Amino acid sequence: MYQTVGHDGISLYAEAMDLPLFRRFINGNAVIQDMQYSPTDGDEVEDLYLLLNEVKESIQFDAVAVGAILSDYQRIRVENVCSRLDCVSLAYLWRRNQTELLQEMIDCGINAIIIKTASLGLDPSVHLGQTLKEIQPHLLKSKQKYSINVCGEGGEYETFTLDCPLFFKSIVLDEHETVTHSNDAIAPVGYLKLKKLHLVKKSKYGGSWSGAVEVSRVRRQREQLEGVAVKAPIDYLSELADCNKADCCDGRDEICPHQKIEEATNLGVEASTFSSNSSNCSGGGGGNSDIESFDTRSKGEAVIVPATNPNHGIHPKTNGIGTNESGISKSITRNVLSIPVALKITTNDGGWSWIMGIGANKASVDADDDTDLLNNPMKTALVQLQDTLNERNMSLKSVVAIVLYISSMDDYAKYNSEYIKFFSSQPPVRVCVELPLPPHQPLLVEALTFPEMPERDFRKSMHVQGISHWAPANIGPYSQSHQIRDIIYVAGQIALVPGSMKLVEGGARMECKLALRHINRILRSTDSKVELRDVVQGICFVTDASYIVKCREEWEKRSNNGIIEYLVVPRLPRDANVEWCVWAHMHNSAFEYEETGCYIGSGVKVKIIRRWNYESRVAVIVCRASILFTGDQTGRIGKAELLEIAEYALTKLLQEAAEAEKSLECAVKVFYKVGELNPVDIFDVFSNQLSVTCSILPVCALVQENTVLSICGARHQ
C-alpha cells in the first residue's frame, strides 16, 4: 500500500510548499489483500484513516488528493477511508493515458528523479538519478518492447520530486547512496538512499506556514502557477467537439466526417403515409412505408429491408406531444390510468433472476394504517425486494442491477437518501428515469439478481467513487458496472463532465457523445477485452423526440452490433437531455442479427429486431407496433391485437431456446405511449394470459410518431 523509498526527504516537501506536515508510524500490515476492503484492525489502511482523522482535528477539509493512475487496490482503500471521513477522493490522474500524462508532467515543469527501478528494461546503474525528461525516450521504447507502464504504475520505478510549480523552494540532492536490492539478470532492483538534501528559495516568497498567513500563501501559490499549462475539466472533452470518432477520441478511428457540435442536424420528415393490406403474422404482409420495405422472400413472415436513410420516419423537430426542441413541457399530462402492478420473478438455469412489479400504490393504502408507505415509497419498495430475495435464500448483495422509474425527479434526492441505507459495498448498477406515472404510483422498481457464490468468483464490480477525468464518479450507492461471467451491466450514463461532475453544455448531441464515451471507458476498464461494440441491448432515454435522430446517428457511428430502443420521457437526473442504459456481452461480435415484421388486424404494423448467439443462450428483441393511417381509416390496437403482437414477440425472443426453458427464462419491458393504449389490457395480456414477467411502463413518445408500443425483451444464461 505504501512506498517507503525516498521517505528521508518527506519533511522537505512541507517546507518547500509552505504547508504543515502530519506523520504517523505504519503499525499495520496488509491483512486484507482482497480487492474489496472493509475496516479491519491491524491493517495498514487503518493507519491512513487514523492519520487523516488526526489531521481533520486541526484542519477542516472535505477532499483528499490521490495520485493513483491504474491501481484499483490503492484506489478502493483510499475511497474507503474517504467515505468514513465524509470526504471525497480527488483522483484526477485515474485512468489517464500514461504516455500523455508523462508528457504533461514534463511540460508542467515537474523535475522528478528516478530513485528506484524494478523492471525489465531498467538498469539501476544507468537510470537511477535520471530526471523524467531524461528517461522519457527510454521509457517509451521500453513500453513498445516490454509493455511497461511509462508512469511506473506497475512498480517499474519510483520517483522523488525536486521541484514543481507548487514549490516555493526547490530541493537539492547533495548526497545519496546507491543500494542494490536484487542483482537479478532480467529485472535488477536498486534504489537511491537520500542522505543529504537542502532547499533553495525560488523567488521572493518564503517564511513558514501559519493559519494567519494562509490567504497570502494561496495568493502566492496562484502566482506560482501562472503560465503553467494546467488543463481544466472541460479541456478533456475538447476532442468531442472536433470530430465524430468512434470512441470519442479514446484512441480509435472510425470512418466519419469531422463535424462541429454546432452543425445543425435536421433529418425530419413529414408524418408517414402508409398503405397496407390487412394480414396476420402467419401470413406475411404487404404494403410499403417510407421507413422500410417488406420483402416476402421469407416464408411465413416479412423480412424488413431498411431504406437508404435509416432515420427516415423518425420524429422531426416536434415530439408529437406538443413540445419543441427546447424540451418536454413540465406541464405534461400525466397518465391518469392506473398501471396494474404484480410482483413476478423469472429465474433461469444459469442463476439469473429478473424481478419486476415492485412498487408502491398509494391508492390502495389507508394513511392511518401505513403512513410509511405513503411518505416513504422507496423504503417500501426496497423492503419488498429484500423480503422477496430472503424467501429465495438471497440477499441484496445478490442484486446486479436496479432500474428506478419515478413519477417526479423532484423526489430523486429524497429517494436516494433512503436507497443508500440498503446498499453499501459493491452496490448494484442503477438506472433512474422519470416516467408519466399516475400520481398515486410514485415509483416502479425492477431488479436483476445473480446469487452470491464465494467459492466461484463469477462477480466483478467497478465502483469508482473518486473524482477524475476518466468517467463520472459514483459517490452514491451504485456501481459503474457489474460483470458476471461474459455479461457486463452498466449504470445509466448521463453527460456529466467527470472532472467537475457538471452536465456538459452543447446540447443533446454533445451529451450523447460524452455519455457513450463514459460507457466505453467503463466497459474497457471492467474488462480490457470489452468495448462499446460489445453492447447487446440498450435504451436511450431522451427528453425530446428531436434528439432521437442525433442519438441514433452518434450510436451508429460507433457500433451496429447492438439493439437500441429510443424513448421519450419527461425528465432525467440532473435535467439531462439524454441517458443511456446498456448491457454488453464479451462475444457480441459473433452474434446473429435479423429484422422481421408483419401486419396485424386493421392497420397495425409490427417490426421486430432480434439479436442472439449461436447457442441461443442469449437473445434480445425490440418489437415495435405502429398505427397505420390508410385513407379514412386508422389502425387500432385492442386486446386481441395486443395478444397477437405479444405472442409474435415472445416467439422470436424464445426462438431456438430449449423447450424446458421457454416458460421461465425471459423478461420483458413493455413501453406504451401515454393515452394510446390501456395499461390494464397490456397487463391482462402479458401477465394473466401469457404469464410473462414484465414491467408495463408509460412513455411520452417512441421512436416514430405513430409507434405506440415497444416490447424490449431479454434472456441470457
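In what follows, the accompanying structure is described. Being a predicted model, the structure only gives us computed values, none of them experimental. (Residues numbered from 1 in each chain as written. Predicted model: local features only at pLDDT ≥ 70, side-chain atom pairs only at ≥ 80, totals over all residues. Heavy atoms only, no water.)

**Observations concerning the environment of Thr380**
One can find Thr380 in helix α10 (residues 377-391). Residue class for Thr380 comes out partly exposed when judged on its relative accessible area of 23%. Sequence spacing of Thr380 and Ile358 is 22 residues, and the spatial spacing of their C-alpha atoms is 9.3 Å. For Thr380, the side chain forms a polar contact with the main-chain oxygen of Asn376, separated by 3.2 Å. (Helix = DSSP H or I, 4+ residues; strand = E, 2+ residues; numbered from the N terminus. Buried < 20%, exposed > 50% of the residue type's maximum accessible area, 1.4 Å probe, protein only. Polar contact = N/O pair within 3.5 Å; in protein donor to acceptor, adjacent residues only side chain to side chain.)

**Re the pattern of salt bridges**
Counted by the stated rule, this structure contains 34 salt bridges. For Glu391, the salt bridge identified is with Arg392, shortest N-O distance 3.6 Å. When its relative accessible area of 62% is taken as the criterion, Glu391 is described as exposed. By relative accessible area, which is 39% here, Arg392 ends up partly exposed. Each member of the salt-bridge network shares a partner with another, and the members are Arg509, Glu553, Glu554, Lys557 and Arg558. (Salt bridge = Lys/Arg side-chain N within 4 Å of Asp/Glu carboxyl O.)

**Description of helix α14 (residues 639-653)**
Compared with the 21 Å implied by 1.5 Å per residue over 15 residues, the 21 Å span of α14 between its first and last C-alpha is a close match. Residues of α14 that are buried: Glu641, Leu642, Ile645, Ala646, Tyr648, Ala649, Leu650, Lys652 and Leu653. On its buried face, α14 sits against β22 (592-600), β23 (604-612), β24 (618-627), β27 (667-673), α15 (679-689) and β29 (707-716). (Expected span 1.5 Å × (residues − 1). Contact = heavy atoms within 4.5 Å.)

**Brief notes about the sheet that holds strand β20 (residues 563-568)**
Judged by pairing direction, the sheet is mixed, and its six strands sit side by side in the order β14-β15-β16-β21-β19-β20 without closing on themselves. The sheet is open, and its two borders are formed by β14 (459-462) and β20, each paired with just one other strand. Averaged over all pairs of adjacent strands, the angle between strand axes in this sheet comes to 10 degrees, irrespective of strand direction. Both strand β16 (residues 487-490) and strand β21 (residues 578-585) contribute to a ladder of three bridges, which runs antiparallel. When the bridges of β21 are listed, Tyr489 appears paired with Trp583. Contacts from helix α13 (residues 547-558) reach β19 (535-542), β20 and β21, with the element oriented near 160 degrees to β20. (Pairing = 2+ DSSP bridges. Axes fitted to C-alpha atoms, helices over the stretch in contact; angles between N-to-C directions.)

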